Amino acid sequence: MDRLTSQQRSRNMAAIRSKNTKPELIVRRGLWRRGFRYRLNDKRLPGHPDLVLRKYRICIFINGCFWHGHLTQCIVHNSQFTIESSVCCKIPKTNREFWVAKIRRNKERDREEQRKLAEMGWHCITVWECELKPKQREQTLDSIAFTLNHIFLQDRQIPKLYEAEEPEYLLAAEEG
Ligand SMILES: [Zn+2]
């Protein structure tokens with residue numbers, strides 16, 4: 001059941017970063033409502049981040065928990081590399097090695113892309129699918145908004161005094 005042809009496999013790989021997935025839409029709408037403006041899937045940047053806020057120099061990745069191995073640990077057991085299942089990412093028992101290798105590659109790619117972006121002076125935020133379940137959604141979106149403003153202030157070293165006095169201007173829409 002889990003054995004995939006190379007064609008199916010590349011289709012799956014494409015789906016990892018497919019556009020307009022539900023979690024991505026939730027984040028886009030949530031940030032838009034909070035006054036943030038962004039670009040989508042910027043092809044000029046490593047990993048084609050789902051959302052890019054140029055003014056803030058921030059990339060946001062919205063990751064599916066299974067494909068990106070959320071909360072999984074890579075471990076070496078009897079000189080064999082493996083990934084343990086987590087609450088977010090249950091590795092299928094059938095054809096396990098295939099899935100371990102695939103999720104490992106995705107995790108490594110994620111790290112590599114974010115390392116490159118950091119070198120280029122970008123901040124990266126990863127939002128996980130599980131953080132967007134209905135009960136947690138608004139809290140997650142508030143916390144992303146808080147982080148965006150925090151990074152923006154930190155980069156500009158704006159004194160705390162102003163942070164307290166004028167939060168509104170930070171939410172000013174970004175052009176384009
Ligand atoms: Zn998760």
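Scroll up a little and you will see the structure.
Residues numbered from 1 in each chain as written. Predicted model: local features only at pLDDT ≥ 70, side-chain atom pairs only at ≥ 80, totals over all residues. Heavy atoms only, no water.

**Student:** I'm lost on the coordination of the zinc ion in this one. Help?
**Tutor:** By definition of the ideal shapes, four donors in a tetrahedron about a metal sit 109.5 degrees apart, and six donors in an octahedron sit 90 or 180 degrees apart. Donor atoms from the polypeptide that coordinate the zinc ion comprise Cys 65 (SG), His 70 (ND1), Cys 88 (SG) and Cys 130 (SG), at 2.0 to 2.4 Å from the metal. Viewed at the metal, the four donor atoms of the zinc ion are separated by angles of 102 to 120 degrees, and the geometry they form is tetrahedral. Within one chain, the residues serving as donors to the zinc ion are arranged as C-x4-H-x17-C-x41-C. Highlighted residues: His 70 in the loop between β3 (58-63) and β4 (74-77) and Cys 88 in the loop between β5 (80-83) and α3 (96-119), separated in sequence by 18 residues. For His 70, a relative accessible area of 10% puts it in the buried group. (Donors = N, O, S within 2.8 Å, 3.2 Å for Na, K, Ca; no water. Tetrahedral: all angles 85-135°; square planar, octahedral: opposite > 155°, others 65-115°. Helix = DSSP H or I, 4+ residues; strand = E, 2+ residues; numbered from the N terminus. Buried < 20%, exposed > 50% of the residue type's maximum accessible area, 1.4 Å probe, protein only.)

**Student:** Which parts of the structure should I look at to understand the sheet that holds β3?
**Tutor:** Pairing between the strands of a sheet is mediated by backbone hydrogen bonds and can be parallel or antiparallel. Taken in spatial order, the four strands line up as β1-β2-β3-β6 in an open sheet, and their pairing is mixed. Strands at the two margins of the open sheet, each flanked by one partner only, are β1 (39-40) and β6 (123-128). Here strand β2 (residues 51-53) runs beside β3; their pairing, made up of three bridges, is antiparallel. Of the residues in β3, the one forming a bridge with Leu 53 is Ile 58. Here α3 sits on the sheet in contact with β3 and β6, set at roughly 170 degrees to β3. Sheet strands touched by helix α4 (residues 134-156): β2, β3 and β6. Its angle to β6, the strand with the most contacts, is close to 175 degrees. (Pairing = 2+ DSSP bridges. Contact = heavy atoms within 4.5 Å. Axes fitted to C-alpha atoms, helices over the stretch in contact; angles between N-to-C directions.)

**Student:** What is the right way to look at the nonpolar core in this model?
**Tutor:** Val 27, Leu 31, Ile 60, Val 127, Ile 144 and Leu 148 are the most contacted members of the largest nonpolar core, which totals 20 residues. With six residues, α4 is the largest single contributor of residues to this core. Leaving out residues up to four positions away in the same chain, Val 127 has contacts with Val 27, Ile 60, Phe 61, Ile 62, Asn 63, Leu 132, Thr 140 and Ile 144. One finds Ile 83, Cys 89, Ile 91 and Phe 98 within the second-largest nonpolar core, a separate group that totals seven residues. (Core = buried A, V, L, I, M, F, W, Y, C linked by side-chain atoms within 4.5 Å.)

**Student:** Would you mind going over the pattern of salt bridges with me for this structure?
**Tutor:** Two side chains of opposite charge can pair, provided their charged atoms sit close to one another. Under the defined criterion, the tally for this structure stands at nine salt bridges. For Glu 138, the salt bridge goes to Arg 33, with nearest N and O atoms at 3.3 Å. In this pair, Glu 138 sits in helix α4 while Arg 33 sits in helix α2 (residues 22-33), placing the two residues 105 residues apart along the sequence. Arg 33 gets classed as exposed once you look at its relative accessible area, which sits at 56%. Among the salt bridges present, the one from Glu 112 reaches Arg 115, with a minimum N-O distance of 2.7 Å. Remark: Arg 115 and Glu 112 occur in helix α3; sequence separation between them is three residues, near one turn of the helix. (Salt bridge = Lys/Arg side-chain N within 4 Å of Asp/Glu carboxyl O.)

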